[in-house]
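# Overview (structure and organization)
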Amino acid sequence: MRAQLPIDPERVGMYLTFESSKGIELNLEGLQNPSKGIELVACVREGDHERATVYVPDSQRGFFFERLQAYERSTGRRGETNYRDVIDRVSAVRLATLRALWTDGPDTFPAIQEQVWWEVWLRRTDRGEVERLRHFAEKKQLAIGRRRLDFEDRIVVVLRGSAEQLSSSIDVLGDLAEVRRATESPLVFDRMPPSEQREWIKAALNGVAPPSVDGPAVCVLDTGVFQEHPLLAMALSPSDCHTVDPNWGPTDRDGHGTQMAGLALHGDLVDPLLSLGPQPLHHRLESVKILEPRQESRYELYGSITIDAVSRVEIEQPKRRRCFSLAVTTSQRADAQRSDSFSIQPTSWSAAIDALSAGRAIDPHSRGLRYDSEQTPRRLFVVSAGNITPKRVEYLDDCDTHVVEDPAHAWNALTVGASTNLTAIEEHNHVRSGWSALASEGDLSPYSRTGLLLGRTWPIKPDVVFEGGNAAEDGHGNVDFGLASLSLLTTGLPTAGAVESGLLDVSNGTSAATAQVARIAASVMAEYPHLWPETVRALVVHSARWTTAMEAHRTDKKKKVAASLARRYGYGIPSRERATRSAKDALTLVVQGELVPYLPEGRPQMDLYTLPWPREVLQSLGAATVCLRVTLSYFIEPNPARRGWRSRFRYASHGLRFALKDPTETVEMFEARVNRMARQSQTAKIPPRPSDGGWRLGPNERDRGSLHSDCWTGAAAKLADRYCVAVFPTAGWWKDVRLPSDAHRVARYALVVSIEADAVPVDVDLWTPVATQVGLVVAPDALSGISV
C-alpha cells in the first residue's frame, strides 16, 4: 500500500517518455513548452534510438493530444501548423517509469530492491523542491543527504533507497528531472569539466572545519604540494611547504605529491564530496619536496635527502607532533631472482629511516646523524612498499616475486602494501566488452609488491595493506591498469594549456595506500597526544585484520603458511575506528614502557605485567571462542655496515620479545621460563620455542624485526588463566659496543593487548571488571592508556 503524502495539487503531473524511430533524433525543442510548465527533464540514447522524458502538469494533460489532433487534420498546405517535424520522429509514447528518468548507462540501473545512493536531480521551480523530497523521504524512511548542489535550473541531492521505494516518487512529485547513481567511484568526478569539479568542491568545503594550528601533521615527502588547492589550503600553511633544493621551489610540478596530500588529509575524496554532515579535520599537512621528476635523472643519496627534509620541518615547527609519509622508493635489484637463500641487505636509505625513527639527532652543520646527550624525539615513517604492473591474470605470482623497494624494508618503518575492495567497472567500453576486475574484493591489489623474497631472517614486510586500486582483465589474458572507477579520488594539480585539467584526479598503488595509512596514524596522534610514535605504529598494526579473501589463501593451519601470507598482506587492513577507539566487543589495554636490555652485571632486565582480565567472567564463558591479540612495537638503532651481523656487528641495537603465561604455569614458573629465554638470547639465538597451537604465527615466525603482532584463539576459560605477559630483551650490538651516552641503553616499547569476543553474549560485560580493578573512569568505548 502506498503512503498517502500531502502533495500540493498544483504540483501534480505526469511523465511521458518519447522514443525515436531507429536512427532518427527527436525534436527536443518541440517536445516542451516552458511557458505552460511542460519541461524536457531527461534525454538518453540507447543503441539506435533516442529516448526523452517530459514532465507534463495535470493542467496541461491535453497539450500533446491537441498537437496530435492538429497533426491528423493537417492537409500539408504551406503555413499550416501541423507539428510533423515533432511527431514524425516519434515511434512510441508511454507513461514514464523511474527507469525513464535514469540517465546513466541502461545496463547500470539498480536491481529493484537494491539499496543504493541516488543522485536525484530536481527541477528548479518554486524553491520548495527539496522540502517536498525530504517529506517524501521521511514518509518512505529513506536516508537523504543534508547537502545540495545548486545549478541554474537544477538542484541535486543524494538519497539512499531502492528503485522500488523511489518509484512511487514519480507518481507524487512533479519535481524530478532525472536520477543517477550517486558517484561511489571517482569516474564521474574524474570526467567532470573543471568548472563542475569546482562547484562540488565548493559545496564540500561548506562542511569542512579546519584543523587546529596545534594539531599533529602528516609530512608528505614527495614532489611538493600545490598549497593553494582549496581542499588543502586550510590545513597546509605556506610556511610548512619546504624543499631540499632551493632551486626547485616547494610547489608541485608533477602532481604526485598533491595527490598524496589529498589522500593523507581527506582519504578517498568520494565520501567527503558526498558527505551528509560536517567534516572536522583533526590533523594538518606539511610538505617537503625531495624529488623533482622533471630534472635530469641522476644518482642521489636519498638517506641524506630524507635527513635534510626532516631537519627542515623540525626547525620550522620543533614541537609539532607528526608522522612522515614517504611514497617515493627505488628498486632493490632482487626482482625476478627467486631464491630461498636470498636475503636483502640494509641500505643507506633504510638505515637512515631506522636511525631517524630511533631518535637520532640531526647535526645542523653536516645534516648528518649523531648521538645526543639529550633524548631526541622518536619519529614515525609510513613508507610505501613500491609498485608493479603485472601483465598476466595470475597477478599474485608477479606480486610475490617482486620484493618491496628501498627503503620499505627499514625495520622501524610502518611499511604499507596495497589491497583493494574496488571491483565495479563503470567505464562503458570495458563494461560492454566484458571486462572484469582482476583482483577479487578484499585481496591484494595488483599494484603491490610483497616481502616474500626478503627471507625469513628479515622483518615481516609490508606491515599492513590498504586500498590501492584494482586493474581489469578481459577474459583473454589482457590486463588494463589505471581505470578511474578502480582508483581513488584525490586532489589534483591543475594545469592550463590546450586541455585544462581540474582540481580532482585519481590515484592508485602503494603510494595511495601509504598516504591513507598516514592519515590513520595522524588520527591516532590527534586523539591521543600523549602516545609515542612506537605506540601509534602499534595501534595501527593492532587494528589490522585479514579479509575473507586473504584468509582463503591459507590452505592449512600451519604457521609457516600464515607467515608467508603475512609477507604478502602484512597484518591486514588497518581500521581508523579500531585504531582510535576500542570496539564494543573488544577490550584494549595499552602500555608504554621502558627497560634496560643490558644491566652492568650482564643480567638482562624483563618487565612482567599482570593483566586485569575479568577472570571470573571468562571462566563463566567456558568454551566460547575468544581472541587475544598482542602487539609489541619498539625502534632499534641500526648498524648498517655489512660485516657479518654477528656479535658487535649485528644490525639491530637490541631486540624485544613478548611471552604469555601458559594456562598450567604458576606465575613463578612463568617468570623463570622468561628469565631463561632472556639469558639464552644474550649469547646465542633463542632456540625454537614450543607453541600451544593457538597462535596464528607463533614465536618462531613473528619474532622478526622491531614489530611483533600475533593473535591467540581459543576457549575463554583457557584465556582466564593466561593473565600474565612479559616483555624481555634479546641480543644486539648495544651489548658489545660502548655508547657515547648511557641514555641510549634504555629501550622504549609499546605493548597493546586486547580481547575480542565475537561469540560472547551481548549481556556479558568485559569492561566493567577491568575498570573497577584499575580504577578507570573512562567510557567503555574509549581507548585506555593503562600501565599495569
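By convention here, each chain's residues receive numbers from 1 onward along its written sequence. Two thresholds apply to this predicted model, a pLDDT of at least 70 for residue-level local features and 80 or more for giving and counting side-chain atom pairs, whereas whole-chain, interface and lining totals are computed over all residues. For the side-chain quantities, the full set of heavy atoms in the structure was used; hydrogens and water were omitted.

## Digging into the overall build of the chain
- Secondary structure elements are defined from DSSP: runs of H or I of at least 4 residues count as helices, runs of E of at least 2 residues count as strands, and each element is numbered from the N terminus. Each helix and strand in the chain was counted, giving 23 helices and 34 strands.
- Per-residue burial over the chain gives 58% buried out of 788 residues.
- Residue contacts follow a heavy-atom distance rule, with two residues in contact if any of their heavy atoms lie within 4.5 Å. Of the contacts formed within the chain by residues at least 6 apart in sequence, a portion of 79% connects residues at least 24 apart.
- In the structure as shown, the chain presents an accessible area of about 33,600 Å², 49% of it carried by carbon and sulfur atoms. Exposure classes here rest on a 1.4 Å probe applied to the protein chains alone. A residue is buried below 20% of its type maximum, exposed above 50%, and partly exposed in between. Calculation of accessible area relied on Shrake-Rupley with a 1.4 Å probe; when residues are assessed, cover is drawn exclusively from the protein chains displayed.

## A closer look at the sheet that holds strand β2 (residues 39–46)
- DSSP calls a pair of strands paired once it identifies at least 2 bridges connecting them. On the basis of which strands lie adjacent, the open sheet formed by four strands has the order β2-β3-β1-β4 and antiparallel pairing. The sheet is open, and its two edges are formed by β2 and β4 (90–95), each paired on a single side. Each strand axis lies, on average, 20° off the axis of its neighbour in the sheet, ignoring direction.
- Pairing geometry for strand β1 (residues 13–20) and strand β3 (residues 49–57), over seven bridges, is antiparallel. Each residue of the ladder has a partner; that of Gly 13, found in β3, is Pro 57. Lines fitted to C-alpha atoms define the axes, with helix axes restricted to the stretch in contact, and inter-axis angles between N-to-C directions lie between 0 and 180 degrees.

## Some words on the packing of aromatic side chains
- For Phe, Tyr and Trp, where Trp contributes only its six-membered ring, two rings pair if their centres lie within 6.5 Å, and the inter-plane angle classes them as stacked under 30 degrees, edge-to-face over 60, or tilted in between. Inspection of the entire model under this criterion finds 12 aromatic pairs.
- Pairing Phe 324 with Phe 381 gives two aromatic rings, centres 4.8 Å apart and planes at 15°, and the pair type is stacked. Here the residue Phe 324 occupies a position in strand β15 (residues 322–326), and Phe 381 occupies one in strand β18 (residues 380–384), the gap between them amounting to 57 residues.
- Looking at Phe 324, the relative accessible area reads 1%, which means it is buried.

## Structural notes on the environment of Ile 87
- Structurally, the position occupied by Ile 87 is in helix α2 (residues 84–87).
- Considered as a pair, Ile 87 and Phe 18 are 69 residues apart in the sequence and their alpha carbons are 9.7 Å apart.
- Beyond its immediate stretch of four places on either side in the chain, Ile 87 contacts Arg 67, Leu 68 and Tyr 71.

## Remarks on the sheet that holds strand β24 (residues 479–480)
- With antiparallel pairing, the three strands of this open sheet are ordered in space as β20-β23-β24. Two strands bound the open sheet, and with one partner strand each, they are β20 (436–437) and β24.

## Points about the packing of helix α8 (residues 256–266) against helix α14 (residues 509–527)
- Direction vectors running N to C along α8 and α14 enclose 35°, while the axes themselves pass 7 Å from each other. Relative to α14, α8 is oriented so that their crossing is right-handed. Of the residues in α14, those in contact with His 256, Met 260, Leu 263, Ala 264, Leu 265 and His 266 of α8 are Ser 511, Ala 512, Ala 515, Gln 516 and Arg 519.
- Classifying every residue of the contact of α8 with α14 by side-chain character gives six nonpolar, four polar and one charged. Crossing handedness is defined as follows: a turn of the near helix away from the far one that is anticlockwise and smaller than a right angle gives a left-handed crossing, while the clockwise case is right-handed. Any residue outside Ala, Val, Leu, Ile, Met, Phe, Trp, Tyr, Cys, Pro, Asp, Glu, Lys and Arg is labelled polar, Gly included; the first ten of those are nonpolar and the last four are charged.

## Some thoughts on unusual backbone geometry
- Along the chain, Asp 406 connects to Pro 407 via a cis peptide bond; the corresponding omega equals 10°.
- Counting through the fold element by element, Pro 407 comes out in the loop between α12 (395–400) and β19 (414–420).
- Each neighbour pair has its own omega, and for Lys 461 with Pro 462 the value is 0°, a cis peptide bond.
- Within the fold, Pro 462 resides in the loop between β21 (443–444) and β22 (464–467).
- A positive phi is found at Arg 127, a non-glycine position, where the angle reads about 70°.
- Structurally, Arg 127 can be placed in the loop between β5 (116–123) and α3 (129–140).
- A relative accessible area of 82% means that Arg 127 is categorised as exposed.

## Comments concerning the side chain of Thr 306
- Mapped onto the secondary structure, Thr 306 falls in helix α10 (residues 302–316).
- For Thr 306, a relative accessible area of 0% translates into the label buried.
- Polar contacts, as counted here, are pairs of nitrogen or oxygen atoms within 3.5 Å of one another; within protein the pair requires one atom able to donate a hydrogen and one able to accept it, and residues that are adjacent in sequence qualify only if both atoms are side-chain atoms. Looking at Thr 306, its side chain comes within polar contact range of the side chain of Trp 349, at 2.9 Å.
- With near-sequence residues (within four places) excluded, Thr 306 lies in contact with Leu 221, Trp 349, Ile 353, Leu 356 and Phe 381.

## Re the nonpolar core
- Grouped together as the largest cluster of nonpolar side chains are 81 residues, with contacts concentrated most on Leu 221, Ile 290, Trp 613, Leu 628, Tyr 749 and Leu 751.
- With six residues, the top contributor of residues to this core is α10.
- Here, nonpolar core refers to any group of buried Ala, Val, Leu, Ile, Met, Phe, Trp, Tyr and Cys residues whose side-chain atoms link them within 4.5 Å. Among the nonpolar cores identified, the runner-up in size contains 71 residues, and Val 208, Leu 232, Leu 285 and Ala 522 belong to it.

## Structural notes on the packing of α14 against helix α15 (residues 533–542)
- At their nearest, the axes of α14 and α15 sit 10 Å apart, and the two run at 120° to each other. The angle between α14 and α15 falls in the class oblique. In this structure, α14 meets α15 at a crossing whose hand is right-handed. The residues of α15 that touch α14, namely those facing Val 517, Ile 520, Ala 521, Val 524 and Met 525, are Val 536, Leu 539 and Val 540.
- Residues of the contact of α14 with α15, tallied by class, amount to eight nonpolar, no polar and no charged. Between 65 and 115 degrees an angle is taken as roughly perpendicular, under 35 as roughly parallel, over 145 as roughly antiparallel, and anywhere else as oblique.

## Considering the environment of Ile 144
- Structurally, Ile 144 is set in strand β6 (residues 143–144).
- Under the relative-accessibility criterion, Ile 144 is labelled buried at 18%.
- Taking the C-alpha atoms as reference, Ile 144 lies 7.6 Å from Val 157; in sequence the two are 13 residues apart.
- What Ile 144 contacts, discounting residues up to four positions off in sequence, is Leu 133, Arg 134, Ala 137, Val 158 and Leu 159.

## Focus on the pattern of salt bridges
- Think of a salt bridge as a Lys or Arg side-chain nitrogen and an Asp or Glu carboxyl oxygen that are within 4 Å of each other. In total, this model carries 29 salt bridges according to the counting rule given.
- With its nearest N and O atoms 2.8 Å apart, the salt bridge here joins Arg 154 to Glu 39. Taken together, the positions of Arg 154 in strand β8 (residues 154–161) and Glu 39 in strand β2 put the pair 115 residues apart, joining distant regions of the chain.
- On the basis of relative accessible area, Arg 154 is assigned to the buried category, the value being 10%.
- Of the residues examined, Glu 39 reaches a relative accessible area of 18% and is grouped as buried.

## Considerations on α15
- α15 sits mainly inside the fold: 10 of its 10 residues count as buried.
- Every buried residue of α15 is accounted for by Pro 533, Glu 534, Thr 535, Val 536, Arg 537, Ala 538, Leu 539, Val 540, Val 541 and His 542.

## Quick word on the confidence of the model for the chain
- On a scale of 0 to 100, pLDDT captures the predictor's confidence in every residue. Per-residue pLDDT for the chain has a mean of 82; in total, 82% of the residues score no lower than 70.
- In this model, residues 333–342 is a region of pLDDT below 50 whose contacts with residues beyond four sequence positions or in other chains number 16 contacts.
- Confidence drops under pLDDT 50 across residues 774–788; counting only partners more than four residues distant or on other chains, this segment forms 39 contacts.

## Here's the deal with the state of the cysteines
- When the sulfur atoms of two cysteines come within 2.5 Å, that pair is taken as a disulfide. Following the criterion strictly, the structure yields zero disulfides and no others.
- Cys 323 takes part in no disulfide bond, and the closest cysteine sulfur to it belongs to Cys 219, at a distance of 8.8 Å.
- By relative accessible area, Cys 323 is classed as buried at 0%.

## Some words on helix α20 (residues 667–680)
- Helix length check: α20, at 14 residues, gives a terminal C-alpha distance of 20 Å against a target of 20 Å (1.5 Å per residue), a fit within 8%.
- What α20 keeps buried is the set Phe 670, Arg 673, Val 674, Met 677 and Ala 678. Angularly, the buried residues of α20 cover 135° about the axis, an arc narrow enough to put them on a single face. Across α20 from its buried face, at more than 90 degrees, point the exposed residues Glu 668 and Arg 679.
- Those residues of α20 hidden inside the fold are in contact with β28 (607–610), β30 (655–660) and β32 (724–730). A helix's residues, less one, multiplied by 1.5 Å, set its expected span. Each direction from the helix axis to a C-beta atom contributes to the arc, which is the arc of those directions.

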